[in-house]
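# Structure assessment
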Amino acid sequence: MSETGIGARVKRKEDHRFITGKGRYTDDINLKGQVYAYFVRSPHAHAEIKSINTAKAAKAPGVLGVFKGEDVAEDKIGGLICGWMIHSKDGSPMKAGPHPILAVGKVRYVGDHVAVVVAETREQAKAAAALVEVQYGVLPHNVDAAKAKSAKGQVHEVAPNNLVFNWSLGDEAATDAAFKKAAHVTRLEIVNNRLIPNAMEPRAAIGSYDTGDDHYTLYTTSQNPHVARLVISAFHGLAPEHKLRVIAPDVGGGFGSKIFIYAEEVVCLWASKRVGGRPVKWTAERTESFLADAHGRDHVTHAELAMDKDGKILAMKVNTIASMGAYLSTFASCVPTYLYATLLSGQYNIPSIYAEVDAVYTNTAPVDAYRGAGRPEATYVVERLVETAAREMRIDPAEFRRRNFITSFPHQTPVIMCYDAGDYNASLTKALELADYKGFPARKAEAAKRGKLRGIGFSNYIEACGIAPSAAVGSLGAGVGLWESAEVRVNPVGTVEILTGSHSHGQGHETTFAQLVSDRLGVSIDNVSIVHGDTDKVQFGMGTYGSRSGAVGMTAIAKALDKIEAKAKKVAAHVMEAAEGDVEFKDGSFSVKGTDKKMAFGEVALAAYVAHKFPTSEIEPGLKESAFHDPTNFTFPAGCHICEVEIDPDTGVTQIANWVAVDDFGSVINPMIVEGQVHGGIVQGVGQALTEGCVYDSGSGQLLTGSYMDYCMPRAADVPSFKLAFTETKCPSNPLGMKGCGEAGAIAAPAAVINAITDAVGVKDLPMPATSQVVWNALQPMKKAAE
Amino acid sequence: MPIVSMKVNGKEVSGEVEGRTLLVEFIREGLGLTGTHVGCDTSQCGACVVHVDGKAIKSCTALAVACEGAEVTTIEGLAKNGTLHPMQEAFRENHGLQCGFCTPGMIMAAIDLVNRKGKKLDEATVRHELEGNICRCTGYHNIVKAIQDGASRM
Ligand code: FES
Ligand code: FES
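Residues numbered from 1 in each chain as written. Chains lettered and ligands numbered in written order. Predicted model: local features only at pLDDT ≥ 70, side-chain atom pairs only at ≥ 80, totals over all residues. Heavy atoms only, no water.

### Considerations on the sheet that holds strand S3 (residues 63-68) of chain A
Residues and elements named next belong to chain A. Selection rule: Think of it this way: DSSP has to see at least two bridges between two strands before they count as a pair. Numbering goes from the N terminus for both helices and strands, where a helix is a DSSP run of H or I of at least four residues and a strand is a run of E of at least two. Every axis in this analysis is a line fitted to C-alpha atoms, fitted for helices over the stretch in contact. Angles between the N-to-C directions lie between 0 and 180 degrees. The criterion used for residue contact is that any of the two residues' heavy atoms lie within 4.5 Å.
Spatially, the 7 strands line up as an open sheet ordered S3-S5-S1-S12-S9-S10-S11, and their pairing is mixed. Each edge of the sheet is formed by a strand with only one pairing partner; in this case those strands are S3 and strand S11 (244-247). Pairwise comparison of adjacent strand axes, ignoring direction, gives a mean angle of 20 degrees for this sheet. For strand S1 (residues 35-41) and strand S5 (residues 113-119), the ladder comprises 6 bridges, and the chain directions are antiparallel. Considered in S5, the bridge of Arg 41 is made with His 113. Contacts from helix H6 (residues 225-234) reach strand S10 (215-220) and S11, with the element oriented near 145 degrees to S11.

This is how it looks when you write it as C-alpha cells:
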C-alpha cells in the first residue's frame, strides 16, 4: 500500500482552507448588486389565507418587491414535487397535494412560506416583512401522526382522511400462518421520534438572473446541484437546463436535509428576474431551519416477532404510520417504504415478513430523508424486537442473534433485498471481545455498589447503500435513475482533474477520490484535484446521499480511469514503437515487455496532447475520458454496535460508559475518514436516543422545539470516545469492493442505547429521547415496589 | 451611523455600522472575513467564536460598537507568515473537522481553553468546556483528540 493510495490514513487535502477560515460557503459569497430576501411565514398550523396586503411593506425603505403566490402563478412557475411515486395496496397512486413555492389559498404548517420581501439590506427586508398584512381564517389542525386519519382538519383536498398512501410489502397470509405456529410472540409499540437535522450551516441561496443572456445562476446549499437544476428546470419551469447554472460550493453538512429542492431557493432565482436581475440572497436564520428544513423520522409502529420454542424467528409483522408533514418533500415517499420495510429482515433469516405503512399528512414541516432515511427506523424496529424477544425467552441476546443470523450469501429476504455478502457473526464476535462482554456482570455488580444501574445493549444493523440500481428503483417508482458520472481530465503535464457528480459536504472526497487516482495512475495526490458541485463544470451527476459516493461515485471514476489507462497504453505503444499488447502499466509508468523501454505517465500525457508521434487518424489526441456507472445491486454495510450505560437512579441521568462499533464496510479507502463518519453517525443516533426530539404543541400547532434552547443537540460531554474496529467482506457488485459508511452510526445507535437503558432499568420499553426525566419516571414504580 | 474602529488580526480597521450591528456582521460583511460563521440565533452553537482582547467570545452576541478600540483575532489571523497555529495543525492532523463549518469557532474556543486551563487537558475537561460549541459532523471524538494534541503543542 502506498502512502497515499487505497487504505492509507491520508490527511485531508481540503482541510487547509477550512482551518484557515477560507472555506467558501454560500453565505460567504456576495455578488455585485446583491439584495436580500426575507420570507413571511405562517404563524398558524392550518389556515385559509383570506387576503394578503403588501402595500405598506412595498413602501418601506429599501424594498424592491413584495411577492406572493399569485405573482408566482402569473409567471407560471410550478410547485415543488415529490419524485418517487408510491402506489397504495389497492393500486391507487399516492395523493400528492399541491406545494406552491409561495402559498396559494391556504397554509398548512407553522413556517409555511407565504410571501417574500426583497430589499436592499437584510434588515430592511426583515423589517418590511413585518408590515405584510395577512388575514387568516384558522382551520382545525393536527400535528400527531397517529391521529391524522381521524383528524378534524383535512390537510389536502386530494387526500381524504389525510392518507397519502396505504402501502404494503410482503406476504400477509404466509406471515399470519407462521404466527399461528409460534411458541412465543414479542410485541412492541414503537415511536420513532421526529428529528430536526440541524446541519450546522443553515440553508442559503443566491439567485441571480442575467438580463443580457437570459441566464440564471443559483448558488445553493445542496447535496446534489444537478438534481436541483433538473427539477427547477423541468418542474418549476423557470429556465431550460442550459440557461440555468447551479453551484453548490462548500456545504456545511447536509445529512439528507440538503438533498431536497426547497421553495426558498426557487423563489430567490425567480425573484431576481422580478427585481431586474439583481442577485437575491437568502440565508436561513436557525429558527427558520427548525421551522422549514425537512424533518426526519416520525413513525408510530406496532411490531410483532414470532419465534419457535428454540428462539428461531419465524415471522415478523409491522404496522407503521409515517408522518409526511404538510407536503410531500422531494423524496419523502420512498423513505417509509422502499428504504424502510425492505430492511426489516435485518441480519436475520426470517422466512416471512409483512409490513403495512400508512403515510399521512399532518400540519407540520415536511418530513424527508435524514441520515439513514428509513433504515434507522427499520433497524430500531428489528433490534428492539430481537433484544426484547431474547430477554422474554431468557436467551442471551448475543446467542439469540447468532441463532438467527443469515450465514450464506447471496440471501434473498422476503422483502425485496438480496444481500450479496456479509459475515454477521464475525462482527458480533469481535464486538463482544472489544466490549469485554464476559466482564459485564462484574462491572454491573461494581456499579451497583456505587448505587448505579448498569446496562448493556446491542444493535446489529444492516443497511442498503450504494443507492441505487436505476432499473430497480425505476420499477419501484423513482422518477430518476441513480447512477453516477465521472470525468477524468489528464493535463499535458500529467496532473489530473476529476469531475464528479458526487458532492462533498464533509465526507472528504477531495482526499479519498484523489487516493483512488493516485493508486491507479501512480501520480501524487497533490497532483490530483477534485471538481464537484457546479453544473457548468460537471456534466451531470446525482449527488451525495445514501452512502453512495464511494460505491457508486468512485466506481464511475474507476471506470473512467480504466479508459484513461487503455488510451494511454495506445499512445505509449505508438511512441515506443511497440505492440499495444506488449505495453504494461505499473507504478505510474508504461514499459514494453522484454525491453528497457519506459515512459512515465506524465510523458505519455504530454505525448497524447502534442500528438506528433502517433497517427491521429488512428488515435485521437488528448487524454480525457468519462464514464457513467449504474450499480447492479445495492450494497449492504452491516455491523454490531454495543453500548454500555450507567444510570444514576436518583436523577435518571444516563452516562454512556462504553461504546464499541465493529463495522463491515467492505474495502476502506481511508480509515481515518471512515472512522470520522462512524463517530459522527453514532452521535446523531445517540442524540435521537437521549436528547433530541421535535415537539409540536398539539393545542396550538406551534413548534415548541424551535431553537437550540429547546431542541437538545448532543454536546461533547454527552458522549464518550468510541472504540472502533472493522471486519471486511468485499462488496461483489463494485470493482473496489466498497459498501459505504456514512449512515451506519446513525442507523445502529438508537437501538443500542435503548437496549442498554431498558436493560439497566429493567423495563420492556422506553420512549425516545430517553431523557433523564423519562428514565427517572420509569424507575419510580420499581422504587415504590421496593419500598 | 456610528463609526467603529478596532484592531482586527493586527490591522487597524474602521467602518460605519448601525447601533445594532453585531460584531459578527461587522467581521463578515464589513470586513469580508467570512471564516467566522453564524450557525444559530440564540448564542448556542459557537460557530462565531473570536478572540476579543485575548478572550474567546461569541461574536454573534456582541455589538460591534461595544468592541470599539478592542483587539480582535479571527480564524484568519491565527496563522503567522504562512505557519499554521499549532491548534489549526492539530485539527488537521487528528481529523477534527468534516464539513468545516463549526471548525473556526472550535479552534478559537480551543485556544482560549488552553489559555485558561493550560496545556495538559484531560478528556473530561475538554468535553465539559466545549459546552458552547456544537458540531454535527464529527461526534466530537476527533475534536477532543485534536484539542488535547493541539494543547500539548502550544
Ligand atoms: S452564531 Fe451560534 S453562538 Fe454565535
Ligand atoms: S465539522 Fe461539520 S459541524 Fe463540525
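### Regarding empty space enclosed by the protein
Residues and elements named next belong to chain A. Heads up, the condition is: Points on a 1 Å grid over protein atoms alone make up a cavity when a 1.4 Å probe fits among them but cannot get out, and a pocket when they form an open set with protein on both sides within 12 Å along at least five of seven lines; lining residues each have an atom within 4 Å of a point. Grid points are joined across faces, edges and corners, and a volume is the space filled by probe spheres set on the points. Basically, the charged four are Asp, Glu, Lys and Arg, the nonpolar ten are Ala, Val, Leu, Ile, Met, Phe, Trp, Tyr, Cys and Pro, and anything else, Gly included, counts as polar.
One pass over the structure, following the stated rule, counts 9 cavities of 30 Å³ or more. Of the pockets and cavities examined, the largest cavity occupies roughly 780 Å³. Every residue lining the largest cavity is counted, 49 residues in all, and those nearest its centre are Thr 544, Gly 546, Ser 547, Arg 548 and Gly 742. For the lining of the largest cavity, the secondary-structure elements that each account for two or more residues are helix H14 (509-521), helix H15 (549-575) and helix H17 (671-691). Sorting elements by how many residues they give to the lining of the largest cavity places H15 first, with 4 residues. Grouping the amino acids of the lining of the largest cavity by side-chain chemistry returns 23 nonpolar, 21 polar and 5 charged. Of the voids in this model, the second largest cavity is the one considered here, and its volume is about 120 Å³. Taken together, 16 residues make up the lining of the second largest cavity; nearest its centre are Leu 80, His 99, Tyr 262, Ala 292 and Pro 366. Here the residues of the lining of the second largest cavity sort into 9 nonpolar, 4 polar and 3 charged.

### Re the nonpolar core
The criterion, for reference: Note on terminology: a nonpolar core comprises buried Ala, Val, Leu, Ile, Met, Phe, Trp, Tyr and Cys residues joined through side-chain atoms within 4.5 Å. Burial here depends on accessible area, computed with a 1.4 Å probe over protein chains only, as a share of the maximum for the residue type. Under 20% is buried, over 50% is exposed, and the range in between is partly exposed.
By size, the foremost hydrophobic cluster in this structure holds 220 residues, and its most contacted members are Leu 344, Trp 659 and Ile 757 of chain A together with Phe 91 and Ile 147 of chain B. Per-element accounting of this core gives the leading share, 12 residues, to helix H18 (residues 744-761) of chain A. Non-local contacts of Ile 147 of chain B, meaning those with residues more than four positions away in its chain, are made with Met 87, Phe 91, Ala 110, Leu 113, Leu 121, Val 126 and Leu 130 of chain B. Within the second largest apolar cluster, 46 residues are counted, among which are Leu 561, Ile 564, Met 599 and Ala 605 of chain A.

### Some points on the interface of chain A and chain B
To be explicit about the condition: A simple way to read buried area is as the amount of 1.4 Å-probe accessible surface that goes missing from two parts once joined, with both sides added. When a carboxyl oxygen of Asp or Glu lies within 4 Å of a side-chain nitrogen of Lys or Arg, that pair is called a salt bridge.
Listed as interface residues are 53 residues of chain A and, on the opposing side, 44 residues of chain B. Of the roughly 4,100 Å² buried between chain A and chain B, counting both surfaces, carbon and sulfur atoms make up 56%. On the chain A side of the interface with chain B, the three residues burying the most area are Ile 19, Met 200 and Ala 716 of chain A, jointly 17% of the side's total. At the junction of chain A with chain B, the criterion picks out 4 salt bridges. The residue Glu 29 of chain B makes a salt bridge to Arg 122 of chain A at a minimum N-O spacing of 3.5 Å.

### Digging into the layout of surface pockets
Roughly 1,200 Å³ of volume is contained in the largest pocket. In terms of lining, the largest pocket is formed by 44 residues, of which the most central are Arg 122 and Glu 123 of chain A together with Leu 22, Glu 25 and Glu 29 of chain B. When contributions to the lining of the largest pocket are tallied by element, the ones reaching two or more residues are S1, helix H4 (122-129), strand S12 (280-283) and helix H8 (286-292) of chain A together with strand S2 (11-16) and helix H1 (23-30) of chain B. Ranked by residues supplied to the lining of the largest pocket, first place goes to H1 of chain B with 6 residues.

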